[in-house]
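Now for the letters of each chain:
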Amino acid sequence: MMNHTPPRPARRAELLAAGAAAVTVVLWASAFVSIRSAGEAYSPGALALGRLLAGALTLGVICLLRREGVPPRSAWRGIAVSGLLWFGVYMVALNWGEQQVDAGTAALVVNTGPILIALLGARLLGDPMPPRLLAGMAVSFAGAVTVGLSMSGEGGSSVLGVVLCLLAAVTYAAGVVAQKPALGTASPLQVTTFGCLAGAVVCLPFAGQLVHEAAEAPASATLNMLYLGVFPTALAFTTWAYALSRTTASRMGATTYAAPALVVLMSWLFLGEVPALLTLAGGVLCLAGVAVSRSRARAAVVARAGDPGAVPDPRPEQTPDSAR
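Residues numbered from 1 in each chain as written. Predicted model: local features only at pLDDT ≥ 70, side-chain atom pairs only at ≥ 80, totals over all residues. Heavy atoms only, no water.

Colleague: Can you walk me through the confidence of the model for the protein chain in this structure?
Modeller: Averaged over all residues, the pLDDT of the protein chain is 80; the fraction at 70 or higher stands at 77%. Within the model, pLDDT remains below 50 along residues 298-324, and this stretch shows 42 contacts once partners closer than five positions in the same chain are excluded. (pLDDT = per-residue confidence, 0-100. Contact = heavy atoms within 4.5 Å.)

Colleague: Please explain the pattern of salt bridges as it appears in this structure.
Modeller: Pairing is possible between side chains that carry opposite charge, provided their charged atoms lie close to one another. In this structure the tally under the stated criterion is 1 salt bridge. A salt bridge links Glu68 to Arg66; the shortest N-O distance between them is 3.8 Å. (Salt bridge = Lys/Arg side-chain N within 4 Å of Asp/Glu carboxyl O.)

Colleague: Can you walk me through a nonpolar patch on the surface in this structure?
Modeller: A cluster of nonpolar side chains, namely Leu265, Trp268, Leu269 and Phe270, defines an oily patch on the protein surface of about 460 Å² accessible area. Residue placement: Phe270 occurs in helix α12 (residues 259-270). On the accessibility criterion, Phe270 (65% relative accessible area) is exposed. (Patch = residues over 30% accessible without salt bridge, like charges linked within 9 Å, V, L, I, M, F, W, Y side chains within 5 Å. Areas by Shrake-Rupley, 256 points an atom, 1.4 Å probe, with all protein chains shown as cover. Helix = DSSP H or I, 4+ residues; strand = E, 2+ residues; numbered from the N terminus. Buried < 20%, exposed > 50% of the residue type's maximum accessible area, 1.4 Å probe, protein only.)

Colleague: Quick question: what am I supposed to make of unusual backbone geometry here?
Modeller: As a rule of thumb, non-glycine residues mostly have phi less than zero, and peptide bonds are mostly trans rather than cis. The phi angle at Arg67 is positive, at roughly 60°, despite the residue not being glycine. By the secondary structure assignment, Arg67 is in the loop between α2 (44-66) and α3 (73-100). Of the residues examined, Arg67 reaches a relative accessible area of 79% and is grouped as exposed.

Colleague: Which parts of the structure should I look at to understand helix α5 (residues 113-125)?
Modeller: Residues three or four positions apart in an α-helix share a direction because the helix packs 3.6 residues into each turn. Along α5, the residues classified as buried are Gly113, Pro114, Ile117, Ala118, Gly121 and Leu125. End-on view of α5: buried residues confined to an arc of 140°, all on one side of the axis. Opposite the buried face of α5, by more than 90 degrees, sit the exposed residues Leu119 and Arg123. A positive phi of about 75° marks Gly126, the residue just after α5. (Arc of directions from axis to C-beta.)

This is the structure we're talking about:
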């Protein structure tokens, strides 16, 4: 009987994509802590612009070293839309929202994004909605709700803050779906670099605020802003684009449900905020849902492993070109 296990290069590519997604989620989780810290000295627009300028500079140097050229014309529409919505509007809205509501409420509202990604991906990109993905999203969303409720302060929410976080979730989802087709013709580094530049252009009206606040801000706040630009933006958005180019938008969106659990852990380690048992339980649910959403049906695995007559699973996440 012939062995139908995936070839080693395909398996290696799959592991690299999973690793890139993991790096993204960890760095994006750390961004919540840094935004909260830097937000004490920087206004939402100035913080977004400073972060994007630091990210664009870092990415520009990498592009020059790697001799990456300008993306092809076919990718510009997706890059521009994702730059406007995800790099621009999303970052300002999230920064502003976190100044209005507590961290738990912000995490709860923003984590409606993966659900919107799945719906938009199915409608606009033809992404499949397999039962395991839906089940994993449901479990993770329940975990996000649990974390949000357990971390919510008494009377700490505001209508404006919730609306801003919801706006961040919507622009995040729309940006991901717009970015996916661009990755079909441009490299992840090109898409990230020029998307970051587009976002920085959108935020240029806040340049005056950035200059004024940078002159008075403590060094710790400025370092947090630079950290946000180099790591959660330049590095994490590039690893995200790399992983997104090798799977569906819906599955990548479900992966980010692990972020609330990591935010809880980082707050515990770096801010001394000891989580309640309910918060820990919610974090476990978030991680469990991600594991379910990224798993594959046992029958499909067995078929690929040893049944020469089995029909291969045609889901788009197995090939980069299928979800374009």
